[in-house]
Amino acid sequence: MRLDKYLCDAGFGTRSEVKNLIKKGRVKMASANELGQDFASMQPLKDPGWKVEEGQAIFVDGTPVHFESFSYYMLNKPEGLVTATEDKNQKTVLDLITGMKRRDLFPVGRLDKDTEGLLLITNDGQLAHRLLAPGKHVKKVYLAWVNEVLTEEEMEHFRQGLDIGDPELTKKAEIEYLERSSFAEDECYLYEVKIIEGRYHQIKRMFEALNKECLHLKRMAMGSLKLDESLAPGDFRLLSEQELDEI
């Protein structure tokens, strides 16, 4: 891989920024038998098109460059952020992923601006497809704060499929009443909802079809991946090896 792309993908800046690092002699290389030497004595790399080969260690200002083909982050998305890679007018979820981050990351699926909870950030397109493809039936689990209690008949409609204004009814969903609750000082009722689709504003529209209002929504799980509730809204971490194996 070209040196400039290698550094960009490892999170050291834009293509022009890493070219500037290279030009200033701040990028150096050590072969396998040279890893013990001081940074000052390492060979500087001055060509952005230089090919990085297996077994070579690259350093920027003495810091080793750790390159992985794919990166996987769990983010606890807060309200108020757009689920997108970039937006000219609003802050996006990718703005929360700080530090040495790759430039090809993207959110898997979409959470509405006022929805919070689990969001997977990665650059693994095949995994994203497996998690989002309708035919895969990957279950998404949400907590929904609703203004009124649903009757058993209404919950059965939820389970069998609802007309939310699309050409087809929603696919069968799961719904369970959890407890009486409150949101923004309003009394409401907490439900757990599980769906295998991802239509626009789907869960909110499903409640609207039953003349109910979903006051707040939080995603708790996507397939086997569950929100780490030790993450405060806006916090993120790399997925564990076990989580990666399971998804």
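Residues numbered from 1 in each chain as written. Predicted model: local features only at pLDDT ≥ 70, side-chain atom pairs only at ≥ 80, totals over all residues. Heavy atoms only, no water.

1. Here we look at the overall build of the protein chain
- If you tally the helices and strands in the protein chain, you get 6 helices and 13 strands.
- In terms of overall dimensions, the protein chain is more spread out than a globule: its C-alpha atoms have a radius of gyration of 23 Å, far above the 18 Å expected for 247 residues.
- Overall, the protein chain is about 75 × 35 × 30 Å in size when its C-alpha atoms are taken along their principal axes.
- Residues counted as buried form 46% of the 247 residues belonging to the protein chain.
- Of the roughly 13400 Å² of accessible surface on the protein chain, a fraction of 46% belongs to carbon and sulfur atoms.
- When the 35 basic and 44 acidic side-chain charges of the protein chain are each reduced to a single mean position, those positions are 7 Å apart. (Helix = DSSP H or I, 4+ residues; strand = E, 2+ residues; numbered from the N terminus. Rg over C-alpha atoms; globule rule 2.2 N^0.38 Å. Buried < 20%, exposed > 50% of the residue type's maximum accessible area, 1.4 Å probe, protein only. Areas by Shrake-Rupley, 256 points an atom, 1.4 Å probe, with all protein chains shown as cover. Lys, Arg positive; Asp, Glu negative; His and termini not counted. Charge placed at Lys NZ, Arg CZ, Asp CG, Glu CD.)

2. As for the pattern of salt bridges
- Counted under the stated rule, the structure contains 17 salt bridges.
- For Arg 26, the salt bridge goes to Asp 61, with nearest N and O atoms at 2.7 Å. Taken as a pair, Arg 26 in the loop between helix H2 (15-23) and strand E1 (27-30) and Asp 61 in the loop between strand E3 (57-60) and strand E4 (63-64) lie far apart in primary sequence, 35 residues in all.
- The partner of Arg 199 in a salt bridge is Glu 197, with the nearest N and O atoms 3.0 Å apart.
- The exposure class assigned to Glu 197 is buried, which follows from its relative accessible area of 12%.
- Salt bridges linked by common partners bring Arg 110, Asp 112, Asp 114 and Lys 204 together as one network. (Salt bridge = Lys/Arg side-chain N within 4 Å of Asp/Glu carboxyl O.)

3. What to know about the environment of Glu 17
- Tracing the backbone shows Glu 17 in helix H2.
- For Glu 17, a relative accessible area of 44% corresponds to the partly exposed category.
- It is 51 Å that separates the C-alpha atoms of Glu 17 and Glu 176, two residues lying 159 residues apart in sequence.

4. Digging into a negative patch on the surface
- On the surface, Glu 185, Asp 186, Glu 208 and Glu 213 cluster together into a negatively charged patch.
- As for its position among the elements, Glu 185 is in the loop between strand E9 (174-183) and strand E10 (186-195).
- In this structure Glu 185 comes out as exposed when scored by relative accessible area, which is 81%. (Patch = residues over 30% accessible without salt bridge, like charges linked within 9 Å, V, L, I, M, F, W, Y side chains within 5 Å.)

5. Notes on H2
- Those residues of H2 lying buried are Val 18, Leu 21 and Ile 22. The buried residues of H2 occupy one face: seen down the axis, they fall within an arc of 100 degrees. Exposed residues on H2 whose side chains face more than 90 degrees from its buried face are Ser 16 and Lys 23.
- Count one or two residues on from H2 and you reach Gly 25, which has phi positive near 75 degrees. (Arc of directions from axis to C-beta.)

6. Regarding the side chain of Glu 154
- Its location among the elements puts Glu 154 in helix H4 (residues 152-160).
- Assessed through its relative accessible area of 17%, Glu 154 is described here as buried.
- The residues touching Glu 154, leaving out its near neighbours within four places in the chain, are Val 149, Leu 210 and Lys 212. (Contact = heavy atoms within 4.5 Å.)

7. Things to note about the sheet that holds strand E2 (residues 43-44)
- Reading across the sheet, the 4 strands line up as E2-E1-E3-E4 and stay open at both edges, with antiparallel pairing between neighbours. In this open sheet, the two edge strands, each paired with only one partner strand, are E2 and E4.
- Examined bridge by bridge, E1 and E3 share 4 bridges and lie antiparallel to one another. Residue pairing for E3: Ala 30 is matched across the bridge by Ala 57. (Pairing = 2+ DSSP bridges.)

8. A word on the nonpolar core
- With 31 residues, the main nonpolar core has Ile 121, Leu 150, Phe 158, Ile 175, Tyr 191, Val 193 and Phe 207 as its most contacted residues.
- For this core, the secondary-structure elements that each account for two or more residues are strand E5 (72-77), strand E7 (116-122), strand E8 (140-146), H4, E10, helix H5 (202-208) and strand E11 (214-222).
- Counting residues per element, this core draws most heavily on E10, which supplies 4 residues.
- With residues near it in sequence (within four places) discarded, Ile 175 still touches Leu 150, Met 155, Phe 158, Arg 159, Tyr 191, Glu 192, Val 193 and Phe 207.
- Counting residues in each nonpolar core, the second largest holds 19 residues, with Tyr 72, Leu 131, Val 138 and Leu 227 among its members. (Core = buried A, V, L, I, M, F, W, Y, C linked by side-chain atoms within 4.5 Å.)

So, to be careful, I would describe these as geometric facts and stop short of saying anything about function.
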